[in-house]
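Understanding the architecture of this molecule
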Amino acid sequence: MSTEDRAKATAKNLEGKAQEVMSNVTGDPEDKAEGKAKQNEAEARHAVEDVKDKAKQAID
């Protein structure tokens, strides 16, 4: 797995969490939804990277 891809997914997750927290302060439901969407995207990216790792291990 690419460490760079994993780091990007982690950064996206943190960005989403920060956006969600800020939406709680501002009361903006659209920001909250966008923050959750970013977190979901990050989770999906991590899952893809996990599958890549397992496939690579199976080949090795």
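Report follows, based on the coordinates. What you see is a predicted model, and the numbers here were worked out from it, not measured in a lab.

Of the regular secondary structure elements, the chain holds two helices and zero strands. Whereas a compact globule of 60 residues would reach a radius of gyration of roughly 10 Å, the chain reaches 14 Å, over 25% beyond that. Dimensions of the chain, computed from C-alpha atoms along their principal axes, come out at roughly 50 × 15 × 10 Å. Counting across all 60 residues of the chain, residues that qualify as buried make up 15%. A sequence separation of at least 24 residues applies to 56% of the contacts in the chain between residues at least 6 apart. As presented, the chain carries roughly 4300 Å² of accessible surface, and 56% of it is formed by carbon and sulfur atoms.

Here glutamate 20 lies in helix α1 (residues 3-26). When neighbours within four sequence positions are excluded, glutamate 20 is seen to be in contact with Lys32, Gly35, Lys36 and Gln39.

Turning next to α1. Relative to the 34 Å expected for 24 residues at 1.5 Å per residue, α1 spans 34 Å between its end C-alpha atoms, a close match to the ideal helical length. Listed as buried for α1 are Ala9, Gly16, Gln19, Glu20 and Ser23. Buried-residue contacts for α1 involve α2 (29-59). Immediately beyond the C-terminal end of α1, within one or two residues, lies glycine 27, with a positive phi of roughly 80°.

The rules behind each value
- Residues numbered from 1 in each chain as written.
- Predicted model: local features only at pLDDT ≥ 70, side-chain atom pairs only at ≥ 80, totals over all residues.
- Heavy atoms only, no water.
- Helix = DSSP H or I, 4+ residues; strand = E, 2+ residues; numbered from the N terminus.
- Rg over C-alpha atoms; globule rule 2.2 N^0.38 Å.
- Buried < 20%, exposed > 50% of the residue type's maximum accessible area, 1.4 Å probe, protein only.
- Contact = heavy atoms within 4.5 Å.
- Areas by Shrake-Rupley, 256 points an atom, 1.4 Å probe, with all protein chains shown as cover.
- Expected span 1.5 Å × (residues − 1).

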